[in-house]
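The residues making up each chain are set out below.
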Amino acid sequence: MLDYLIQRLAISAVTLAVISMIVFTGVRLIPGDPARVMAGTEADAAGLEEIRQKYGLNDSIPVQYLRWVGLAIRGDLGESIRTRETVTKTVGRKLPITMELACLSILVALTIAIPVGVLSAVRRNTVWDYLANGLSLCGLSVPSFWLGIMLILFFSVRLGWLPASGFVPFVENPVGNLTRMLMPAFVLGSTLAAVLMRQTRNSMIEVLTADYIRTAYSKGLAGRAVIFRHAIRNGLIPVVTILGLQMGALMGGAVVTEQIFVVPGFGRLIVESVFTRDYPLVQGVVLITASAYVLINLLVDVSYSLLNPRIRIKGAVNAR
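Residues numbered from 1 in each chain as written. Predicted model: local features only at pLDDT ≥ 70, side-chain atom pairs only at ≥ 80, totals over all residues. Heavy atoms only, no water.

1. Here we look at the overall build of the protein
- The helix and strand tally for the protein stands at 14 helices and zero strands.
- Moving toward the C terminus, one meets the helices and strands of the protein in the order α-α-α-α-α-α-α-α-α-α-α-α-α-α.
- If one aligns the C-alpha atoms of the protein with their principal axes, the spans along those axes are about 85 × 65 × 35 Å.
- Out of the 320 residues belonging to the protein, those deemed buried represent 36%.
- Surface exposure of the protein reaches about 17,500 Å², of which carbon and sulfur atoms provide 66%. (Helix = DSSP H or I, 4+ residues; strand = E, 2+ residues; numbered from the N terminus. Buried < 20%, exposed > 50% of the residue type's maximum accessible area, 1.4 Å probe, protein only. Areas by Shrake-Rupley, 256 points an atom, 1.4 Å probe, with all protein chains shown as cover.)

Pasting the structure below:
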């Protein structure tokens, strides 16, 4: 198990290094001059040159990259060109909002996907299976921005049940927070629910045809006991993997969802920092997002091995 973890940690470190190089280089390909953004439109050439010298913008990209990496390793991601606030402080204020939205979206997705996927597999080729497949297809086909607008028009404008937009911290007003996050969480979680539902169905169908399931039935176990004790645990292994991989898509989808519902989270921060050519903020936000994505996949790999002991055994044999 230890060898497996070391191997995964080494792969994660290399992945982060490659991502940091791509992000740093890609940000500098954005058209525009960050010195002009900082100095304003009325700044003269001497003022612009002074700003470039101060922030090292005249240095070559490799030199700038090595300086940035050295500071990032020590936890210093620089300060925002636009607001002069440190990147870590800005991210620390915005990230919990998006994390709350992502957690609620996952909760919505799992609440829908697992029961419906299992039901679809157990009742294969029945009307329940067809309804589940249709629901999954709708979740994949409907654009999130359209679904968000329709929910606002129906539940906020027509019925007046939920606030149309905005954000209230949970510690200040729990009810207000949840009522404002319900529609964004459903919009963000609907696509994930469709993906997980299909994966759950396919995985459960494969598990239900395995020999050990037939053996369990032959011993006289009830159908519900076979499904809940033996089938679901193995059937959910691919679902856990897909859930980890979809976290990146969840963060990407949060950009659109937060714009629609005016949620001041990570997604809106990324959009604003790109449009204002705020290099340190873009780099910091993307690096933290990539790190979170790599960490989640690492945890998925570990949980994968815990759910399926054969992976640990195989890893140990390969390590020898």
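2. Re a nonpolar patch on the surface
- Where nonpolar side chains cluster on the molecular surface, the patch consists of Phe145, Trp146, Ile149, Met150, Leu153, Val157 and Val256 and spans about 640 Å² of accessible area.
- With six residues, the top contributor of residues to the nonpolar patch is helix H7 (residues 144–158).
- Its location among the elements puts Val256 in helix H11 (residues 237–261).
- Among the residues examined, Val256 registers a relative accessible area of 36% and is labelled partly exposed. (Patch = residues over 30% accessible without salt bridge, like charges linked within 9 Å, V, L, I, M, F, W, Y side chains within 5 Å. Salt bridge = Lys/Arg side-chain N within 4 Å of Asp/Glu carboxyl O.)

3. Describing the confidence of the model for the protein
- When pLDDT is averaged along the protein, the result is 81; 91% of the residues meet or exceed 70.
- By mean pLDDT, helix H14 (residues 309–319) is the weakest element of the protein at 51, and H7 is the strongest at 89. (pLDDT = per-residue confidence, 0-100.)

4. Some remarks on the environment of Val14
- By the element assignment, Val14 lies in helix H1 (residues 2–27).
- A C-alpha to C-alpha distance of 41 Å links Val14 and Asp211, two positions 197 residues apart in sequence.

5. Section: the nonpolar core
- Counting 31 residues, the largest nonpolar core has Val118, Leu192, Leu196, Met204, Ile213 and Leu250 as the members making the most contacts within it.
- Every element with two or more residues in this core is listed here: helix H5 (87–122), helix H8 (174–208), helix H9 (211–218), helix H10 (223–235) and H11.
- Beyond its immediate stretch of four places on either side in the chain, Leu250 contacts Ala102, Ser105, Ile106, Leu188 and Leu192.
- In this structure, Leu77, Val87, Leu269 and Leu287 belong to the second largest nonpolar core, which totals twelve residues. (Core = buried A, V, L, I, M, F, W, Y, C linked by side-chain atoms within 4.5 Å. Contact = heavy atoms within 4.5 Å.)

6. Some words on the packing of H5 against H8
- Direction vectors running N to C along H5 and H8 enclose 35 degrees, while the axes themselves pass 4 Å from each other. For the element pair H5 and H8, the recorded crossing hand is right-handed.
- Classifying every residue of the contact of H5 with H8 gives 26 nonpolar, six polar and two charged. (Axes fitted to C-alpha atoms, helices over the stretch in contact; angles between N-to-C directions. Left-handed = near helix turned anticlockwise from the far one by under 90°. Nonpolar A, V, L, I, M, F, W, Y, C, P; charged D, E, K, R; others polar.)

7. Some remarks on the packing of aromatic side chains
- Overall, the coordinates contain five aromatic pairs when judged by the stated rule.
- Pairing Tyr65 with Trp68 gives two aromatic rings, centres 6.3 Å apart and planes at 50 degrees, and the pair type is tilted. Of this pair, Tyr65 and Trp68 are both found in helix H4 (residues 61–73), three residues apart, which corresponds to roughly one turn of the helix.
- Taking relative accessible area as the criterion, Tyr65 reaches 16% and is therefore assigned buried.
- A residue is classified by how much of its surface remains accessible, and Trp68, at 8% relative accessible area, is buried.
- A centroid spacing of 6.2 Å and a plane angle of 40 degrees characterise the contact between Phe155 and Trp161, whose relative ring orientation is tilted.
- By relative accessible area, Phe155 is classed as partly exposed at 24%.
- Exposure remark for Trp161: the relative accessible area of 62% places this residue in the exposed category.
- An aromatic cluster is built from Phe24, Tyr65 and Trp68, whose rings are joined through pairwise contacts. (Phe/Tyr/Trp six-rings, centres within 6.5 Å; stacked < 30°, edge-to-face > 60°.)

8. As for the packing of H9 against H10
- Packing of H9 against H10 brings their axes to within 10 Å, and their N-to-C directions diverge by 160 degrees. In terms of their interaxial angle, H9 and H10 are classed as roughly antiparallel. Between H9 and H10 lies a crossing of right-handed hand. Facing H9, whose interface residues are Tyr212, Ile213, Ala216 and Tyr217, H10 presents Gly223, Val226, Ile227, His230, Ala231 and Asn234.
- Along the lines of polarity and charge, the residues of the contact of H9 with H10 split into seven nonpolar, three polar and no charged. (Parallel < 35°, antiparallel > 145°, perpendicular 65-115°, else oblique.)

9. Focus: unusual backbone geometry
- A positive phi angle, near 65 degrees, is found at Asn125, a position not held by glycine.
- Along the polypeptide, Asn125 turns up in the loop between H5 and helix H6 (127–141).
- Of note, Val262 is a non-glycine position whose phi angle comes to about 50 degrees, a positive value.

10. Quick word on the environment of Gly176
- Within the secondary structure layout, Gly176 lies in helix H8.
- The spatial distance from the C-alpha of Gly176 to the C-alpha of Pro163 is 8.6 Å, given a sequence separation of 13 residues.

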